[in-house]
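The primary structure of each chain is shown beneath.
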Amino acid sequence: MNAPFPPRAKKRLKIATATLGGCFGCHMSLLDMDERFLDLAKLVDFDRSPLTDLKHCGPCDIGLIEGAVCNAENVHVLREFRAQCRTLIAVGACAINGGLPAQRNPLDLSDLMRKVYCDRVDDTAQIPDDPELPLMLDKVYPIHEIVRIDYLIPGCPPSADALWKFLTDLIEGRTPRLDYAHFRFD
Amino acid sequence: MASIDSALEPILARYGREPSALLQILRDAQEACDWISPTVRAEVARALDIPATQIDCLTRFYAHLYDEPRGRYRVLFSDNITDRMADAPALMARMLEQFGLEPGEVSPDGLLSIATTSCTGMCDQGPALLVNNRAVTRMTPERIDAISALIRARAPLDDWPSHFFEVHDNIRRADILLGATCASGEAIRAALARGRDGMFAEMKKSNLRGRGGAGFTTAVKWEACRDAPGEARFVICNADEGEPGTFKDRVLLQSYAGRVFEGMAIAGYVTGANKGFLYLRGEYSYLRAPLEAKLAEMRRENLLGDAICGDAGFSFDIMIHMGAGAYICGEETALIESLEGKAGKPRIRPPFPATYGYLGQPTVVNNVETLCKATEIAIQGGAFYAGQGTQQSTGTKILSVSGDCERPGLYEYPFGVSIAQVLEDCGAEDAFAVQIGGAAGNCLAPHEFDRCIAFEDVPTAGAFMVFGQGRDMFETALNFANFFEHESCGFCTPCRVGTAIVARMMNKIDAGHGARYELNELNRLDVLLRTSSHCGLGQSATMALRDMMQKFAPAFERRLSLKDFEPGFDLDAALAEARALTGRDDEAAHLGADS
């Protein structure tokens with residue numbers, strides 16, 4: 001007969017992170033946890049992330065996305081994260097609202113590309129057509145317009161304290177909750 | 001230039017170049033000049049010695065003020081759900097086609113523009129529209145054709161057939177208010193006979209509660225205003241009847257204006273105010289002239305002015321102030337802001353208007369119907385009044401019945417009447433749903449038709465919209481979502497952003513891209529808007545949506561995508577411009593569906 005409450009091995013959670021159209025500021029904030037990062041590493045394993053340099057994401061518990069969706073590659077990365085991560089989190093202003101990259105939205109994409117690539121003195125100037133380069137989307141989109149998002153962590157960037165609080169809440173099974181001080185920026 | 005000066009001069013003079021009359025000045029200027037052009041803007045700013053941005057603040061806030069030309073004829077189709085159910089979109093499409101225009105577009109010759117506006121309060125005789133602020137009712141394809149011909153012929157509105165502008169009372173059930181005939185001045189004289197304290201005591205005894213929806217006890221409001229320190233006191237009649245589906249105040253002002261004004265005078269008598277304002281919604285502009293005539297008549301009869309009815313200590317007069325297309329101005333502090341010539345954004349309460357209202361002075365703001373009730377109490381006494389209706393909702397209530405019923409119009413009942421009774425009386429026994437209290441009210445399904453109209457059960461300012469079998473309640477929820485997004489004043493973030501996200505998600509579901517995710521989000525937004533909005537608009541903006549999602553779930557579910565989530569737009573099409581720029585068409589230049 002089985003014991004009524006058989007002991008279960010505590011599962012180590014897996015985390016993946018990625019930056020789409022962003023400045024890596026949110027990742028810098030993650031590093032800004034300082035020594036707490038070591039505590040975090042005791043609790044979780046990292047899958048795809050700039051920290052591990054893995055290029056693809058396996059099945060994960062938590063995915064953190066920084067940055068906005070600017071081009072076709074961003075869409076593919078985001079879709080992969082959504083497919084692999086149980087919980088997907090929009091981190092920072094760009095992921096949540098489009099942020100700075102979305103400042104191009106009022107501009108016409110053709111004008112923009114011609115200004116950047118063609119208004120030059122050399123006569124080889126042309127808009128690059130290399131298939132290696134991802135195509136730009138007509139506009140910059142926040143990530144929740146492309147895939148379903150479970151949580152968001154506001155800030156530009158969110159503070160290390162906010163990220164720490166949010167992640168430890170998630171890991172320990174509490175509904176994440178940021179106190180006012182965590183997103184008060186003035 | 002000279003012509004603009006000559007058009008503006010009498011308007012500026014009429015309002016004594018008073019900056020607090022800015023909204024009235026802009027309304028009149030627009031009527032004279034068709035729009036608030038940069039010249040008009042500069043001229044008014046100079047004449048009132050105010051920054052021109054103060055004018056922009058109003059032209060951008062009020063839907064019926066224009067800072068760009070909208071044509072000589074500005075046609076606005078009422079876009080309430082009842083107008084839609086009566087085929088307003090087809091009528092609008094017909095007119096757009098006749099002129100080859102898109103909604104909101106101005107014809108190249110500057111002749112006209114055709115667009116939509118929020119409910120114009122003609123739900124019992126719709127579909128309705130406004131042409132340059134004049135209401136046209138009972139629209140048919142034939143009437144559209146006639147109007148198009150008149151506009152092409154550039155016929156002045158005064159030359160249009162007068163029956164186009166007819167507005168009927170449609171009183172279907174009259175009780176103590178609508179059924180009574182009382183002589184002019186009877187109520188004021190009765191109040192004077194009771195004395196200030198005596199009249200107040202009767203108000204208290206009556207337990208009359210406000211008819212604008214919130215149901216605050218009128219006597220308590222009057223008492224607070226009377227006892228608050230101040231240099232002057234004011235009585236405001238809130239006739240900004242903007243709640244979609246409500247039109248009882250329109251009938252009271254059209255056929256019972258004497259009762260309304262006497263009620264205001266009685267409120268002035270009890271509270272010690274000697275100035276009153278009637279805040280009339282812009283959509284009811286056609287009522288202004290007859291109301292002014294009624295005021296003049298009452299002044300002649302010494303029912304307004306100094307020493308009313310010979311009482312040397314009682315003087316009171318009333319001014320009419322026009323709104324300009326802003327639902328939020330029905331909120332009393334927004335209304336006061338508007339009255340002071342500003343954008344109608346709700347104030348932070350407390351302090352309440354009773355102590356800090358118009359110009360910072362103690363002010364009573366009452367609904368049109370509430371003030372009529374005060375005249376009943378003056379004549380018949382508070383005990384008589386309290387004897388009707390239910391314990392917590394005394395007296396009678398006028399319902400504005402519209403939608404899928406045989407006899408739309410006004411129904412006055414003692415409080416406590418069941419929904420089923422009203423449905424039977426208006427000829428809609430087989431109703432599918434009833435929306436009570438307007439877009440900001442509750443939606444009831446047939447299993448709830450035994451519930452009662454009363455503050456203790458189903459409270460309402462009077463709107464009663466009936467939906468027949470076969471109606472799609474999602475359409476109604478979508479109409480309301482778009483309405484609230486448009487009408488949010490933008491002052492607080494939960495409402496400004498929340499109503500916009502609700503509308504965006506509803507439109508996404510309507511386009512077939514919604515998933516269960518959106519329904520969950522809508523439920524979350526409902527809680528957020530309800531608990532964190534600054535005023536009643538945001539707090540009630542998702543009330544009907546919540547009810548409909550709960551009681552008419554299939555209407556929402558049948559529109560959902562089979563997927564867990566999908567974008568509200570075509571991702572591959574979002575790459576089309578970049579494909580064209582680079583001349584690429586390889587596999588990586590496309591985005592397939594998310595697998």
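Quantities reported herein were computed from a predicted structural model and do not represent experimental measurements.

Turning next to the overall build of chain B. Looking only at helices and strands, chain B features 23 helices and 14 strands. A compact globule built from 595 residues would reach a C-alpha radius of gyration of about 25 Å, and chain B, at 25 Å, matches this within 12%. Counting only C-alpha atoms, chain B reaches 90 × 65 × 45 Å along its principal axes. Evaluated residue by residue, chain B yields a buried proportion of 51% over its 595 residues. Put simply, 72% of the contacts in chain B that link residues at least 6 apart link residues at least 24 apart.

Attention now moves to the overall build of chain A. Looking only at helices and strands, chain A has six helices and seven strands in total. Start at the N end of chain A and walk to the C end: the helices and strands fall as β-α-α-β-β-β-α-β-α-α-β-β-α. With respect to the three principal axes, the spread of C-alpha positions in chain A is 80 × 45 × 30 Å. Counting all 186 residues of chain A, 38% fall into the buried class.

Pairing between sheet strands relies on hydrogen bonds along the backbone, with the strands arranged either parallel or antiparallel. Residue and element names in this part refer to chain B. Read from one edge of the open sheet, six strands run E5-E11-E10-E14-E12-E13, paired in mixed fashion. Every other strand in the sheet has two partners, leaving strand E5 (171-173) and strand E13 (442-444) as the edge strands with one partner each. Between one strand axis and the next, the sheet turns by 25 degrees as a mean value, whatever way the strands run. Taken together, the four bridges between strand E10 (residues 396-403) and strand E14 (residues 463-467) define a ladder with parallel strand orientation. Following the sheet pairing, valine 401 is matched in E14 by phenylalanine 464.

Bringing the packing of helix H18 (residues 493-510) of chain B against helix H19 (residues 516-532) of chain B into the picture now. Residues and elements named next belong to chain B. Direction vectors running N to C along H18 and H19 enclose 160 degrees, while the axes themselves pass 10 Å from each other. Put simply, H18 runs roughly antiparallel to H19. H19 is crossed by H18, and the crossing has left-handed handedness. Contacts between H18 and H19 pair Pro494, Cys495, Gly498, Ile501, Val502, Met505, Lys508 and Ile509 from the former with Glu518, Glu521, Leu522, Leu525, Leu528, Leu529 and Ser532 from the latter. Split into classes, the residues belonging to the contact of H18 with H19 amount to 10 nonpolar, two polar and three charged.

Bringing the packing of helix H6 (residues 88-99) of chain B against helix H7 (residues 141-152) of chain B into the picture now. Residue and element names in this part refer to chain B. The geometry of H6 relative to H7 is characterised by a closest axis approach of 10 Å and an angle of 30 degrees between their N-to-C directions. By the angle between their directions, the pair H6 and H7 is classed as roughly parallel. Handedness of the crossing formed by H6 with H7: right-handed. The residues of H7 that touch H6, namely those facing Leu91, Arg94, Met95 and Gln98, are Pro141, Ile144 and Ser148. Grouping the constituent residues of the contact of H6 with H7 by class yields four nonpolar, two polar and one charged.

Our next topic: helix H6 (residues 160-172) of chain A. Residue and element names in this part refer to chain A. End to end, H6 covers 18 Å across 13 residues, agreeing with the expected 18 Å (1.5 Å per residue, within 8%). Inspection of H6 places Ala162, Leu163, Trp164, Lys165, Phe166, Leu167 and Leu170 among the buried residues, and these make up the whole buried set. Close packing links the buried residues of H6 with helix H1 (25-31), helix H2 (36-43), strand E3 (60-66), strand E5 (85-91) and strand E7 (151-153). Once H6 finishes, glycine 173 follows within two positions and takes phi at roughly 90 degrees, a positive value.

Time to look at the interface of chain B and chain A. Contact residues are listed per partner, giving 20 residues for chain B and 17 residues for chain A. No other element matches helix H23 (residues 576-582) of chain B, which puts five residues into the side of chain B that touches chain A. In the side of chain B that touches chain A, the residues fall into 11 nonpolar, three polar and six charged.

Of the residues in chain B, 99% reach a pLDDT of 70 or more, and the chain-wide mean stands at 96. Interface confidence for the predicted complex, expressed as ipTM, amounts to 0.90; the pTM equals 0.93.

By a widespread convention, an interface's size corresponds to the accessible area lost as its parts come together. Residue and element names in this part refer to chain B. Domain assignment breaks chain B into domain 1 (2-61), domain 2 (73-168), domain 3 (174-386), domain 4 (396-467) and domain 5 (473-557). Just the C-alpha atoms count here: the centres of domain 1 and domain 3 sit 29 Å apart. Facing the 10 residues of domain 1 at the interface are nine residues of domain 3. Counted by class, the side of domain 1 that touches domain 3 contains seven nonpolar, two polar and one charged residues.

What follows deals with H7(B). Residue and element names in this part refer to chain B. Taking 1.5 Å of rise per residue, the 12 residues of H7 would be expected to cover 16 Å, and the 17 Å separating its terminal C-alpha atoms lies within 8% of that figure. Along H7, the residues that are buried comprise Ile144, Ile147 and Ile151. With its buried residues spanning 65 degrees around the axis, H7 presents them on a single face. Residues Glu142 and Ala149 are exposed on H7 and point more than 90 degrees away from its buried face. Where H7 is buried, its residues contact strand E1 (73-78), H6 and strand E2 (112-117). Following H7 by one or two positions, arginine 154 has its phi on the positive side, about 55 degrees.

Now for the environment of A:Asp39. Structurally, the position occupied by A:Asp39 is in helix H2. Along the primary structure A:Asp39 and A:Ala68 are separated by 29 residues, whereas in three dimensions their C-alpha atoms are 29 Å apart.

All names here are of chain A. Most of E3 is tucked away, with six of its seven residues classed as buried. The pairing of strand E1 (residues 13-19) with E3 spans five bridges and is classified as parallel. If you follow alanine 16 over to E3, its bridge partner there is glycine 63. As judged from the six bridges shared by E3 and E5, these two strands associate in the parallel manner. When the sheet's bridge partners are listed, isoleucine 62 is paired in E5 with threonine 87.

Attention now goes to unusual backbone geometry. Residue and element names in this part refer to chain B. The omega angle of the peptide bond from glycine 126 to proline 127 is -5 degrees, so this bond is cis rather than trans. Looking at where proline 127 falls in the secondary structure, it is placed in the loop between E2 and strand E3 (129-131). Between arginine 349 and the following residue, proline 350, the backbone shows a cis peptide bond with an omega angle of -5 degrees. You can see proline 350 is positioned in the loop between helix H13 (332-339) and strand E9 (363-367). A positive phi angle is found at aspartate 87, which is not glycine, with a value near 80 degrees. Relative to the elements of secondary structure, aspartate 87 occurs in the loop between helix H5 (81-85) and H6.

What counts, and where the lines are drawn
Residues numbered from 1 in each chain as written. Chains lettered and ligands numbered in written order. Predicted model: local features only at pLDDT ≥ 70, side-chain atom pairs only at ≥ 80, totals over all residues. Helix = DSSP H or I, 4+ residues; strand = E, 2+ residues; numbered from the N terminus. Rg over C-alpha atoms; globule rule 2.2 N^0.38 Å. Buried ≥ 20, exposed ≤ 12 C-beta atoms within 10 Å, placed from the backbone. Contact = placed C-beta atoms within 7 Å. Pairing = 2+ DSSP bridges. Axes fitted to C-alpha atoms, helices over the stretch in contact; angles between N-to-C directions. Parallel < 35°, antiparallel > 145°, perpendicular 65-115°, else oblique. Left-handed = near helix turned anticlockwise from the far one by under 90°. Nonpolar A, V, L, I, M, F, W, Y, C, P; charged D, E, K, R; others polar. Expected span 1.5 Å × (residues − 1). pLDDT = per-residue confidence, 0-100. Domains from an automatic or database assignment. Arc of directions from axis to C-beta.

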